[in-house]
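# Per-entry structural report
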Protein chains: 2
Amino acid sequence: MAKITKINHVAIVVPEIEGALNFWQEALGLHLHHVEDVPSQKSAVAFLPIGESEVELVKPTSDDSGVAKFLADKGPGMHHLCFEVDDLEGMLADLKAKGVRLINETPQVLPGRKMAFIHPKASNGVLVELYQLIKD
Amino acid sequence: MAKITKINHVAIVVPEIEGALNFWQEALGLHLHHVEDVPSQKSAVAFLPIGESEVELVKPTSDDSGVAKFLADKGPGMHHLCFEVDDLEGMLADLKAKGVRLINETPQVLPGRKMAFIHPKASNGVLVELYQLIKD
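Worth saying up front: this structure is predicted, and the values here are computed from it rather than measured.

So, on to the pattern of salt bridges. Residues and elements named next belong to chain B. Inspection of every chain in the model, using the stated rule, returns 12 salt bridges over all chains. For D64, the salt bridge goes to K42, with nearest N and O atoms at 3.2 Å. Of this pair, D64 sits in the loop between β4 (53-60) and α2 (66-74) while K42 sits in the loop between β2 (34-38) and β3 (43-50), placing them 22 residues apart in sequence.

Structure, rendered in structure tokens:
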């Protein structure tokens, strides 16, 4: 039975990375691991590991992305909650069998990880991402 | 220097606990530790530990609370992000010295823990809670 092992990250949409780091890195003292351009998500992401999880600051790099629309409609704030799972395909099959509405019925594969989103209508308005690391 | 050690919890506002557990516990497979009435916050809270953190499902128990207003205005969803710190007073003094706007300039003390909120204007729209466990 597939299971969740931890919170992988909490993603926060911000209008620009540098200004956001003034708070999350400088004031709060989180460590900035790196900033990465993620073209597939039309965003730039700052990764700040904390404990076994990460805070991710996500800045849209194109006006036509979901993240850009979120920022335009709601302003900056928490965007999604990502759990790490030990068997993503198994978890998606299980959720589907239970009638849970999914955004991605099959995993999206990115370098080093695969992921899928659950529809927020299924999860109290929370956009939940499921994430499995891919070992080399 | 005070520092953050981990994500303590992510709080999610829900209209009722039982329905929310259908997703978070039954479908997603998170373990329900317990449900607690928190009169000081005018809410009932379901605690679902995952890894070193928790998901907290928060249901308002009064119409005049901040959580009730959040639910009425925005609907269910992520409400706040809580970090555990090793020295809450030190962290608050440090944030204040850096000009970060706080909701609570001194800790609120609850059974087993003390906490304070940072104003979301300071933190990209995210309501950030800081939390320190109190040892007996």
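A separate point is the pairing of strand β5 (residues 77-85) of chain B. Residues and elements named next belong to chain B. Counting buried residues in β5 gives nine out of nine residues, a clear majority hidden from the surface. Bridge count between β5 and strand β8 (residues 128-133): four bridges; the pairing is parallel. Note on β8: the bridge partner recorded for L81 is V128.

Let us look at the relation of the copies chain A and chain B. Overlay of chain A on chain B (RMSD 0.0 Å): rotation 180 degrees, translation along the axis 0.0 Å. The transformation just described matches what one would write down for a two-fold rotation axis. Comparing interface residues between copies, 100% of those in chain A also lie at the interface in chain B; the contact surface is shared.

Scoring rules and cut-offs
For every chain, the first residue of its written sequence is number 1, and the numbers climb from 1 along that sequence. Each chain takes a letter, starting from A, and each ligand takes a number, starting from 1, following the order in which they are written. Only residues with pLDDT of 70 or above have their local features reported here, since the model is predicted, and side-chain atom pairs are shown and tallied only from 80 upward, although totals for entire chains, interfaces and linings are computed over all residues. Note that water and hydrogens are dropped before the side-chain values are worked out from all heavy atoms of the structure. Here, a salt bridge means any Lys or Arg side-chain nitrogen found within 4 Å of an Asp or Glu carboxyl oxygen. Comment: elements are numbered from the N terminus, with helices defined as DSSP H or I runs of at least four residues and strands as E runs of at least two. Each residue is placed in one exposure class: buried if its accessible area under a 1.4 Å probe, protein chains only, is under 20% of its type's maximum, exposed if it is over 50%, and partly exposed if it falls in between. The criterion for strand pairing is that DSSP finds at least two bridges linking the strands in question. The superposition of copies rests on a least-squares fit of C-alpha positions from residues with pLDDT of 70 or more in both. The contact criterion used throughout is that any non-hydrogen atoms of two residues lie within 4.5 Å.

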